[in-house]
Amino acid sequence: MATRVTPITKARSFATTREPRSGRITVLLLLPVVVLVIIGLGALASASSVLAIREGYSDNLFYFKRQLLFAGLGLFCLILGARIPYRWYQRAALPIFVVGLIGLVATLVVGDVRGGAQRWIEVGPVTIQASEFAKFGVVSMLAMILTRKASYLTTFGHVFWPVAATLGSVGGLLMLQPDFGTTVLISASAFVILAASSAKVRHVFGLGIAALAAGGMLAVAAPYRLERVTSFLDSNPDVLGDGYHVHQSLVALGTGGWFGVGLGASRARWSFLPNAHSDFIFAIIGEETGLAGSFAVISLFLVVALVGVAIALRARDQFGRLMAVGLVSWLTFQALVNIGGVVKVLPITGVPLPFVSAGGSAMMANLFVVGVLINIARLSSVARKEQAGRTA
Amino acid sequence: MLRPTWRIRDLRVVLVGIVFIAAWVGIGYRLFQVQVVEAATFVADGEDQRIRVEDKAAKRGTIFDRDGIELAVSVDLPTVFADPALIDDPVGTAQLLAPLYHGDVAELTERLSQSESRFTYVVRHLEVEVADRIKTAVLDNKIEGIYFQNEPYRVYPAGDLAAQVLGFVQQDDQSGLEGLEAQFDHLLTGLPGKQVLERDPEGRPIPLGELLIEPAIPGYDLRTTIDREIQYAAQQAAADAVVDTNALAATIVVMVPGTGEILAMATAPTFDPNDRSTIDIAAVRNRAVTDVYEPGSTLKVITVAAALDAGIVVPSNSWNVPAAYEVEGKEDPYTDVGREEDRMMSVAEILMSSSNVGTIQIQERLGNELHHQYLDAFGLGQLTTDSIPGEVPGLLHPLEDWISATAGASTAIGYRVDVTALQMAAVFGTIANDGVWVEPHVVSELIHPDGSRDVTVPRQRPVLSERTAEQMQELLQGVVEQGTGRRASIEDFAVGGKTGTTEKFLYEEGFYSEDDRIASFIGIAPIDGPEIVVAVVLDSPHGEIEEGEAMVELQFGGVSAAPVFARVAEAALQALGVAPDAP
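Residues numbered from 1 in each chain as written. Chains lettered and ligands numbered in written order. Predicted model: local features only at pLDDT ≥ 70, side-chain atom pairs only at ≥ 80, totals over all residues. Heavy atoms only, no water.

J.: Lay out the overall build of chain A with the relevant residues and their values.
T.: What chain A contains, in helices and strands, is 13 helices and three strands. Taking the contacts inside chain A whose residues are at least 6 apart along the sequence as the reference set, 73% of them involve residues at least 24 apart. Per element, the accessible surface of chain A, about 16300 Å² overall, is 69% carbon and sulfur. (Helix = DSSP H or I, 4+ residues; strand = E, 2+ residues; numbered from the N terminus. Contact = heavy atoms within 4.5 Å. Areas by Shrake-Rupley, 256 points an atom, 1.4 Å probe, with all protein chains shown as cover.)

J.: I'd love a proper account of the packing of helix H6 (residues 156-176) of chain A against helix H7 (residues 180-196) of chain A, names of residues and values included.
T.: Residue and element names in this part refer to chain A. The N-to-C vectors of H6 and H7 enclose an angle of 165°; their axes lie 9 Å apart at closest approach. It follows from the interaxial angle that H6 and H7 lie roughly antiparallel. Crossing geometry of H6 relative to H7 is assigned as right-handed. In contact with Val159, Val163, Leu167, Val170, Gly171, Leu174 and Met175 of H6, H7 contributes Phe180, Thr182, Thr183, Ile186, Ser187, Ala190 and Leu194. (Axes fitted to C-alpha atoms, helices over the stretch in contact; angles between N-to-C directions. Parallel < 35°, antiparallel > 145°, perpendicular 65-115°, else oblique. Left-handed = near helix turned anticlockwise from the far one by under 90°.)

J.: Lay out the side chain of B:Gln423 with the relevant residues and their values.
T.: Residue and element names in this part refer to chain B. Tracing the backbone through its elements, the reader meets glutamine 423 in helix H16 (residues 421-432). Side-chain polar atoms of glutamine 423 contact the backbone oxygen of glutamine 382, separated by 2.7 Å. The residues touching glutamine 423, leaving out its near neighbours within four places in the chain, are Gly379, Leu380, Gly381, Gln382, Thr384, Val392, Pro393 and Asp418. (Polar contact = N/O pair within 3.5 Å; in protein donor to acceptor, adjacent residues only side chain to side chain.)

J.: Now, about a negative patch on the surface: what can you tell me, with residues and values included?
T.: Together, B:Asp434, B:Glu466, B:Glu470, B:Glu474, B:Glu481 and B:Asp528 give the surface a local cluster of negative charge. Residue placement: B:Asp528 occurs in the loop between strand S24 (511-525) and strand S25 (532-539). (Patch = residues over 30% accessible without salt bridge, like charges linked within 9 Å, V, L, I, M, F, W, Y side chains within 5 Å. Salt bridge = Lys/Arg side-chain N within 4 Å of Asp/Glu carboxyl O. Lys, Arg positive; Asp, Glu negative; His and termini not counted. Charge placed at Lys NZ, Arg CZ, Asp CG, Glu CD.)

J.: Talk me through the layout of surface pockets; I want residue IDs and the actual numbers.
T.: All names here are of chain B. Each pocket or cavity is described by its volume, and for the second largest pocket that value is around 1300 Å³. Forming the boundary of the second largest pocket are 41 residues, of which Glu54, Asp55, Gln149, Asn150 and Glu151 lie nearest the centre. Secondary-structure elements contributing two or more residues to the lining of the second largest pocket are strand S1 (51-56), strand S3 (70-82), strand S5 (146-155), helix H8 (185-189) and strand S8 (193-198). Class assignment for the residues of the lining of the second largest pocket results in 14 nonpolar, 11 polar and 16 charged. (1 Å grid on protein atoms, 1.4 Å probe; cavity = no way out; pocket = protein on both sides within 12 Å on 5 of 7 lines; lining within 4 Å. Points joined across faces, edges and corners; volume = space filled by probe spheres on them. Nonpolar A, V, L, I, M, F, W, Y, C, P; charged D, E, K, R; others polar.)

J.: Describe in detail the interface of chain B and chain A, supporting the description with residues and values.
T.: In this assembly, 43 residues from chain B lie in contact with 62 residues from chain A. Our enumeration of links across chain B and chain A arrives at one salt bridge. Of the charged contacts in the structure, one is a salt bridge between A:Arg321 and B:Asp10, with a shortest N-O distance of 2.5 Å. Counting the contacts that link chain B with chain A gives eight residue pairs in polar contact (both at pLDDT 80 or more). When residues of the side of chain B that touches chain A are traced back to their parent elements, those giving at least two are helix H1 (8-37) and helix H2 (39-50) of chain B. At 19 residues, H1(B) tops the list of elements feeding residues into the side of chain B that touches chain A. The residue inventory of the side of chain B that touches chain A, partitioned by class, reads 22 nonpolar, seven polar and 14 charged.

J.: Let's hear about the side chain of B:Asp418: which residues, and what values?
T.: Residue and element names in this part refer to chain B. Residue position: aspartate 418 is located in strand S18 (residues 417-418). One buried charged residue, aspartate 418, remains without a salt bridge, the closest side chain of opposite sign being arginine 416 at 10 Å. Of the polar contacts made by the side chain of aspartate 418, one reaches the side chain of tyrosine 507; its length is 2.8 Å. Sequence-distant contacts of aspartate 418, defined by excluding residues within four places in its chain, comprise Val292, Tyr293, Glu294, Gly394, Leu395, Gln423 and Tyr507. (Buried < 20%, exposed > 50% of the residue type's maximum accessible area, 1.4 Å probe, protein only.)

J.: Run through H6(A), naming residues and quoting values.
T.: With 21 residues, H6(A) should cover 30 Å at 1.5 Å per step; its first-to-last C-alpha distance of 29 Å lies within 8% of that length. Taken as a whole, H6(A) has its buried residues at A:Val159, A:Pro162, A:Val163, A:Thr166, A:Leu167, A:Val170, A:Gly171, A:Leu173, A:Leu174 and A:Met175. (Expected span 1.5 Å × (residues − 1).)

J.: Describe in detail the packing of aromatic side chains, supporting the description with residues and values.
T.: All names here are of chain A. In total, this model carries 17 aromatic pairs over all chains according to the counting rule given. Summarising the aromatic geometry, the rings of phenylalanine 136 and phenylalanine 368 are spaced 5.4 Å apart at their centres and angled 70° between planes, so their arrangement reads as edge-to-face. In this pair, phenylalanine 136 sits in helix H5 (residues 130-148) while phenylalanine 368 sits in helix H13 (residues 360-391), placing the two residues 232 residues apart along the sequence. The same class applies to phenylalanine 136 and to phenylalanine 368, which are both buried. An aromatic cluster is present here, built from Trp88, Tyr89, Phe136 and Phe368 joined pairwise through their rings. (Phe/Tyr/Trp six-rings, centres within 6.5 Å; stacked < 30°, edge-to-face > 60°.)

J.: Which residues make up the confidence of the model for chain A, and what values do they have?
T.: All names here are of chain A. Looking at chain A as a whole, its pLDDT mean stands at 80, while 81% of the residues score no less than 70. Predicted confidence in chain A is weakest over helix H1 (residues 7-17), with a mean pLDDT of 45, and strongest over helix H12 (residues 318-342), with 91. The model gives residues 7-19 a pLDDT under 50, and that stretch makes 19 contacts with residues more than four places away or in other chains. (pLDDT = per-residue confidence, 0-100.)

J.: Break down empty space enclosed by the protein for me, with residues and values.
T.: Residues and elements named next belong to chain A. Evaluation of the coordinates by the stated rule reveals four cavities of 30 Å³ or more. Counted as a void, the largest cavity has a volume near 80 Å³. Contributing to the lining of the largest cavity are Asp279, Phe280, Val337, Asn338, Gly341, Val342, Pro347, Ile348, Thr349, Gly350 and Val351. Of the residues assigned to the lining of the largest cavity, the class counts are six nonpolar, four polar and one charged.

J.: So, the nonpolar core: which residues are in play, and what are the values?
T.: Membership of the largest hydrophobic core comes to 118 residues, with the highest contact counts inside it found for A:Phe136, A:Phe282, A:Phe301 and A:Phe355. Looking at this core, the element that brings in the most residues is helix H11 (residues 281-314) of chain A, giving 18 residues. Beyond its immediate stretch of four places on either side in the chain, A:Phe282 contacts A:Leu253, A:Ser294, A:Val297, A:Ile298, A:Asn338, A:Ile339, A:Val342, A:Val343, A:Leu353 and B:Leu31. Counting 92 residues, the second-largest nonpolar core is a separate cluster that includes B:Leu180, B:Val417, B:Leu475 and B:Val479. (Core = buried A, V, L, I, M, F, W, Y, C linked by side-chain atoms within 4.5 Å.)

In structure tokens form, the structure reads like this:
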């Protein structure tokens, strides 16, 4: 047989010959995620202990315990995501998207302003970040549109308007908070969904260039964002001013060296590195466990990304495929944007590191996404088994 | 078997995967750059911003008396300081804290209100109980920004005892300012240790920060020769003398002639180094070494001793001593106090009655050259030691300056020479010590931090023959028993000594005072087997006291200084447990 054996064909042949495969791929996805959550909890215990005491909590594990609770809630979300048949999102895409939009509007109306941005809604003791919900709304909305319009996609207008409307509404609301990082993240994920769809390549890149131009204009439109960008581009930054955050983050990483200063021995957490437990937690991991630890973390994210891509490839329908591509892009881009900022290859945008950074909404949303990916994987293999049964 | 089919739309998804791989590989490369290749710079940046190398002060050495009792000692006392930037309510905090240490609320409020400053003392060097009260108040009221720390504080347990000898330190940095504290500052201070502290951006220590401590090496301890009991007696005597004789100041030195040990060095008026607010700067000088005066008649001892030692006269030689004696270049002839007729006098009588004319005649026989040689050998015009802070050498004109005819005559009777009380004590010590001059000193031992000791070995030099020394002792005994020094005599002991009275030279004005005199008495006790030399110098005693029928003037050393000698010598001999002479 002269079939060219590529990794994909190999994977496909495994997938079809060694059933059931959904269990293995579930494990391949779950394992790195669980390890990341555990690493996150450990790093958080260290990073936030000083902060907890300085902020007057008598328990130095205050943030750790809270995050443990979020991880528990996240597990529930993961199971929920894995149980809901993913095709339901195709039908419910528009309502989900609209609820996400309403959440974003509500954030702007009744939201809590922290650090100059209005990103949270307080409901009693709980704060909700509606943008997490909106992300999911955008992904399912785009997956739905691009699946349903598959046959019209050769026409630019059929591609442009729905995508522009979806992204424009969410992006506009996000920029009012303002949350540039999430906007970029959603746009990048949308671009990947589009790229994975049957839309024409030149349309995809035309839209991509337009989005880049828009993003560039937005980036320089607000003075604080311009400052971040210029301090990022500055080869000799003001380490006490604009460049302080990222310089402290590099100091922490550099201090870590090959194998780190040891668990709990971070110096950066002693008020040198702001947001050490949230946006900059990767720097604490790099400081305490060195290059070994930071490589482990990015390897785990790479595994998540590749397993996500594999799930997309194996999806039994176009919606599942686009959904999987969108969701895994979300997780991967968010991790890339966060770590890219920490290591100073991207500007700082204030996006948390999935599964690792402190924060409830993000943790629950991210684990829900993992659940949905598992669901796509499971239903695909069931379908394939049926198909295999029929052809046999 | 299901044939896998290659579809173009798969390629797009695979491309997404490849982009992800590329992105993470890029991040990985960057991480390698930051954490390995460029790590050293970032490590250095991190250390720069958090590591502070601080000096850890060494414990300052203790100064002991001759028996090992502490005269100056450093203790750690609590100090309270504040970070005004963290004080939310300066007024309330000041109102709460100031009364606890009897401080001024308004003044503390002002200092706590300077929120741009990150440091101010609240109160320093507290008693432990007071500090505990403040600590409790701070904790109970949850006040932020108040801190506690122990700081070294110099204490002088014996108060004003030997205050001018010990001197004192600047409490801020414990550096010696006066006296032994200044003279031996470099040894007392020790070597500060190095303390490597990691601090957070607000300057608070990072608890797990490695504390590399290079231990401080404590300072040397000093053991002095001071005898507390004799020092106390001398101070009392000096203080009383100032009052009783209306003097400006009194200086007393008590020395062991054989060893040069200073048992007491007292100055009145004095001060308490523990209470710096009341210190009169004039009282800080250790006058026994810092103040020079013309010794007058006490220096006749050297003229006579030199002539005896050189074999020019013997004590029994006598000749006619005229009432007035002309010396070329001097308008008025030299005369003796209270003698208006020529008289046959022996060398012994000349010294006993402190005859100026007789002494000048002896000096003429001695000659300037020999005279100068002996003055020099007795240590005049030189520092006696290097261990007593603030000492001045005085003045002995070099021989080539002894040009005018009056030079020898004036010097013979104790003018034209500037001395300190300590130098004169050493001169009499030489006579008491069989003619051997011994370096006076107040520090007997330097005690190293490891416990080893450097014992002071005083310099010695023979000046007079033993026989001359013995003859001089007899002559000095005569001065007390039959001459001008009768008021120096004490019960149970035979003593010897010499009185001195000179016009006070006003160094600042450049001429002699008309009213003020320097009255002195320097003596040896007991004269048979000397144990101590006591020098008493009174600056400007005034007035008269009744003696029998007559009134006597206190400006004379024999009247004002000799009784002080008697009192101090008696106390010192008793303190030393010297057995009285056989009756």
